[in-house]
Amino acid sequence: MKPVKVGLLGLGTVGAGVVRIVEGNQEDLSSQVGSPIVIERIAVKNVDKPRDIEVDAALITTDPWEVIRDPEIDVIVEVMGGIAGTKEYILEALELGKHIVTANKDLMALHGSEILAKAQEKQCDVFYEASVAGGIPIIRTLIEGFSSDKIKKIMGIVNGTTNYILSKMSQEGASYHDVLKEAQGLGYAESDPTSDVEGLDAARKMAILGTLGFRTNVELNDVSVSGISGVSKEDIAFAKRLGYDMKLLGIAECEDEEFSISVQPTMIRTGHPLASVNGVFNAVYVYGQAVGETMFYGAGAGAMPTATSIVADLVAVIKNLKLGVNGLKQIVPYKQKKLKSDEDIFYKNFLLLHVDDKAGVLAKITQVFAEYEVSLDSVVQQANANNPDAEIIIVTHNASKASMNKVLRHLEELPVIHRVKSHYRVEG
Ligand SMILES: NC(=O)c1ccc[n+]([C@@H]2O[C@H](COP(=O)([O-])OP(=O)(O)OC[C@H]3O[C@@H](n4cnc5c(N)ncnc54)[C@H](OP(=O)(O)O)[C@@H]3O)[C@@H](O)[C@H]2O)c1
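Note that residues are indexed from 1 along each chain, following the sequence as it is written. Side-chain atom pairs in this predicted model are given and counted only at pLDDT of 80 or more, local residue features only at pLDDT of at least 70, and totals for whole chains, interfaces and linings cover all residues. Processing note: side-chain calculations cover all non-hydrogen atoms of the structure and skip hydrogens and water entirely.

A. A look at a nonpolar patch on the surface. Here, patches come from residues exposed beyond 30% relative accessible area and free of salt bridges, joined within 9 Å for like charges and within 5 Å for nonpolar side chains (Val, Leu, Ile, Met, Phe, Trp, Tyr). Surface accessibility follows the Shrake-Rupley procedure with a 1.4 Å probe radius. Residue values consider only the protein chains on display as shielding. Every case where a carboxyl oxygen of Asp or Glu lies within 4 Å of a side-chain nitrogen of Lys or Arg is listed as a salt bridge. A cluster of nonpolar side chains, Leu186, Tyr188, Val280, Phe281 and Tyr297, forms an exposed patch at the surface whose accessible area comes to about 460 Å². Here a helix means four or more residues in a row that DSSP labels H or I, a strand means two or more in a row labelled E, and each is numbered from the N terminus. Mapping tyrosine 297 onto the fold places it in strand E12 (residues 292–299). The class of tyrosine 297 is partly exposed, set by a relative accessible area of 47%. We call a residue buried when its accessible area falls under 20% of the maximum for its residue type, exposed when it is over 50%, and partly exposed in between, using a 1.4 Å probe and counting protein chains only.

B. Looking closely at the site of the ligand. If even one non-hydrogen atom of a residue comes within 4 Å of a molecule or strand, that residue is called near it. Looking at the ligand, there are 22 residues lining it, with Leu11, Val14, Asn46, Arg51 and Gly302 nearest. The backbone of leucine 11 places a nitrogen or oxygen atom 2.8 Å from an oxygen atom of the ligand. Under the rule applied, a polar contact is a pair of N or O atoms within 3.5 Å (in protein, one hydrogen donor and one hydrogen acceptor; residues adjacent in sequence only if both atoms are side-chain atoms). Lysine 49 places a side-chain nitrogen or oxygen 2.9 Å from an oxygen atom of the ligand. Across the complex, the protein chains shield 76% of the 900 Å² of accessible surface that the ligand would expose by itself. For this scheme, ten residues count as nonpolar: Ala, Val, Leu, Ile, Met, Phe, Trp, Tyr, Cys and Pro. Four count as charged, namely Asp, Glu, Lys and Arg, and the remainder, Gly too, count as polar. Class assignment for the residues of the shell around the ligand results in ten nonpolar, eight polar and four charged.

C. Broad picture of unusual backbone geometry. A positive phi is found at glutamine 123, a non-glycine position, where the angle reads about 55°. Its place among the elements puts glutamine 123 in the loop between helix H5 (105–122) and strand E6 (126–127). Here the phi dihedral of alanine 133 falls at roughly 55°; this positive angle occurs in a residue that is not glycine. Take alanine 133: its relative accessible area is 0%, and that puts it in the buried class.

D. Highlighting the packing of aromatic side chains. For this analysis, a ring pair means two rings from Phe, Tyr or Trp (six-membered ring only for Trp) whose centres lie within 6.5 Å, classed as stacked if their planes differ by under 30 degrees, edge-to-face if by over 60, and tilted for the remaining angles. One pass over the structure, following the stated rule, counts six aromatic pairs. Taking the centre distance of 4.8 Å and the plane angle of 65° together, the rings of tyrosine 164 and tyrosine 188 count as edge-to-face. Of the two residues, tyrosine 164 sits in helix H7 (residues 160–172) while tyrosine 188 sits in the loop between helix H8 (176–185) and helix H9 (194–197), which places them 24 residues apart along the sequence. On the basis of relative accessibility, which here comes to 37%, the residue tyrosine 188 falls in the partly exposed class. Whether a charge sits over a ring comes down to the Lys NZ or Arg CZ being within 6 Å of the ring centre and within 35 degrees of the ring normal. A cation sits over an aromatic face here: arginine 140 above phenylalanine 127, 5.9 Å from the ring centre.

Here it is, written out as structure tokens:
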């Protein structure tokens, strides 16, 4: 049995996990694919860096091109991250007929269509299961498990950092800044957390899921994004009082071949399966026209969960190699892209307004909603001991995003309103 030779780009958190699984599960893996799997070469940035995994020093190089151009290597596993340079490595590897397994959501969200087109031209596999929700096999599920269905909605908690922060704020009544600092100390948040907390990381993953779910080319620019840095502990307390949990949700919906896609802090009904996903865990909820509701839950990151997905992709590549079908199952989006306009995107809204504490204010406010035909589910007015303003909490019925934008603009101009303190989408 001729071994299948793998080149590894990166030996960090995930790369070390890949080596552990390939070595630790070698017997099982080679029984499944019919050949031993050998890690032939590994590229790192710094050879002298101390590592908590032992690998033969002769395998290591600081030059990724040595790995890519090694004629012995059949499959490149890219776990170094980065975008521009990494794209060049991957395109060259495909040009040379090598198959790719990558965990790189940034690369796939931004350049996936170019990479997949190259893979199709060269009849190579490009698998990227680990790029979304680490250890949860959601990509293969969307491509294969739901191939017979029409997916109507995908909702994802796909960023562990923000889910950890919001869960802690909710459980301990703590402030965003305090929990962020703690998360940085524990290594759950980067020292520059912008990409996570402002929703960009989740948006990239949702673009990948939307592309696969709706079989059309969803690009990052199609995702409307807002992050969690403006979420206060008071907002979370209000959400709880009304029977909701606050989550950073990616929401992709498709109706009559038109889709909308967004990432935003969302108040989700406490009984919804996504509401109980806490800490760094991830979950993806998929609603299919025929299958109805499904949900996939697990570790969204970490060396071993992520490496599990990567090595499963490696197994898929090698099985395809044995069958001579590499590149044939590549999913290149085939449907024409149709984005919904704001007039056609409907959801419920939560608003917290700080207003003059005097008679007649509520009537003026409800009149604005009536003017744009946004109907209200509930309105609560209360005094706030720490604030001379009164607080008005409004939950709307389903309203179009366009109408809500008009309502918000109008409310901001009303002299009786001091501040539109918070506005969130409501789900479930
Ligand atoms: N960490 C997770 O839980 C997780 C989950 C899902 C997906 N991912 C994705 O997986 C990828 C890797 O993440 P990670 O957490 O393992 O990153 P990491 O710990 O920072 O490891 C990156 C590795 O790549 C090497 N490297 C970086 N630039 C290089 C270059 N120009 N040439 C050669 N080697 C280079 C580094 O070398 P040195 O070791 O010498 O520094 C290191 O070994 C990223 O795309 C990430 O988004 C990670």
